[in-house]
Amino acid sequence: MSDTIDLLRRQVADLHQELVRYGLVVWTAGNVSARVPGEDLLVIKPSGVSYDELTPENMILCDLHGNVVEGEHAPSSDTAAHAYVYRHRPDVGGVVHTHSTYASAWAARGEPVPCVLTAMADEFGAEIPIGPFALIGDDSIGRGIVETLDGHRSPAVLMKSHGVFTIGKDARAAVKAAVMCEDVARTVHVSRQLGEPLPIAQADIDRLNFRYQNVYGQRPAAQ
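The text that follows walks through the structure, step by step, so that each part is easy to find. Keep in mind that this is a model prediction, so the values were computed, not measured. (Residues numbered from 1 in each chain as written. Predicted model: local features only at pLDDT ≥ 70, side-chain atom pairs only at ≥ 80, totals over all residues. Heavy atoms only, no water.)

Further remarks concern helix 3 (residues 101-109). For helix 3, the set of buried residues is Ala103, Ser104, Trp106 and Ala107. Take helix 3 and look down its axis: the buried residues cluster within an arc of 150°, on one side only. Exposed positions of helix 3 whose direction lies more than 90 degrees from the buried face are Thr101, Ala108 and Arg109. Two residues or fewer after helix 3 comes Gly110, characterised by a positive phi angle close to 65°. (Buried < 20%, exposed > 50% of the residue type's maximum accessible area, 1.4 Å probe, protein only. Helix = DSSP H or I, 4+ residues; strand = E, 2+ residues; numbered from the N terminus. Arc of directions from axis to C-beta.)

So, in C-alpha cells, the structure goes:
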C-alpha cells in the first residue's frame, strides 16, 4: 500500500499544477484529492499552502472522515466535503474544488449552465446543476454534492454562492471535468451576451454523450 500512496501523493501534487495551468485557482484556493484504491483513505493537499510549495511529501493522507493519518500539516479545509463524497459514492476516485471565474459566476447567480454546446453534451450529458448553499466546516457541502449529482450525468456541480466541485473515476478525470466546466461556463456566458443560446434536443445530447463516453479517443487493441 505504501507504493500506491506514494504514487498518489505525486499524482495529486502534480494535478494541482494543472489547476494553475488552466487558470482555475488563485492564491491558495482550490484542491484536488484522490481515493486510495481498496482503502478507506484519501490524499489531499494541505490547507493554506502556496501552489508553488506543494510537493508529494506535503500531501496529506486522511481517513474517510477527514482525520489525518499521515502528514505534518492540517489538511485542506474542504477535506470533510471530499471525505463525505468518497463515503457515499464508492464509484468516485477523485474530487476537485475550484473557484474558477465563470463557473463561480453562475454559482453566484444560483443558475445551472444549460447544455447548449456539443462539447458540453459530450462531457456532461446534461446541464451543470446548482447545488444548495452550504457552509464550510462539516458534511454540509459533501451532502449537497452527493444529493445534487445523484442520478445526474454531470460530473460537476456548482455549489450556490461558492464554486465548482467535480468528481471522476480518478483525480485526473475530476481535474478534466473542472477544466471543461470552466470552459463551457465561459462560452455559454459569452453566448448570452449575443442573445439567448439555442437548446440542443435531448435525444441529440444523449447520442453525443454516448459517443464521447464510449467511442471517442483511443481504445485498447482487440486481442
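Structure shown, so let's carry the discussion forward.
Right, let's get into the pairing of strand 7 (residues 156-159). Residue alternation in strand 7 divides its side chains into two sets, Ala156 and Leu158 and Val157 and Met159, and both sets are buried. Bridge analysis of strand 6 (residues 130-131) against strand 7 gives two bridges, and the strand direction is parallel. Counterpart to Gly131 in the pairing with strand 7 is Met159. With helix 5 (residues 140-149) bridging strand 6 and its parallel neighbour strand 7, the resulting β-α-β unit is right-handed. Here four bridges tie strand 7 to strand 8 (residues 163-168), and the two strands are oriented antiparallel to one another. Among the inter-strand pairings, Val157 is bridged to a residue of strand 8, identified as Phe165. Counted along the chain from strand 7 to the antiparallel partner strand 8, the turn is three residues long, and its residue Ser161 has a positive phi close to 60°. (Pairing = 2+ DSSP bridges. Right-handed = clockwise from strand over helix to strand, strands pointing away.)

It is worth spelling out the packing of aromatic side chains at this point. Scanning all chains against the criterion turns up one aromatic pair. Summarising the aromatic geometry, the rings of Tyr212 and Tyr216 are spaced 4.9 Å apart at their centres and angled 25° between planes, so their arrangement reads as stacked. When its relative accessible area of 48% is taken as the criterion, Tyr216 is described as partly exposed. A cation over an aromatic ring shows up here: Lys45 above the ring of Tyr51, its NZ or CZ 5.6 Å from the ring centre. (Phe/Tyr/Trp six-rings, centres within 6.5 Å; stacked < 30°, edge-to-face > 60°. Lys NZ or Arg CZ within 6 Å of the ring centre and 35° of its normal.)

Turning to unusual backbone geometry, a few remarks are in order. It is generally the case that most residues other than glycine have a negative phi and that most peptide bonds are trans. For Trp27, which is not glycine, the phi dihedral falls at a positive 55°. Within the secondary structure layout, Trp27 lies in the loop between helix 1 (2-21) and strand 1 (31-35). The phi torsion at Ser161 lies on the positive side, around 60°, for a residue other than glycine. Along the polypeptide, Ser161 turns up in the loop between strand 7 and strand 8. Judged by relative accessible area, which is 45%, Ser161 ranks as partly exposed.

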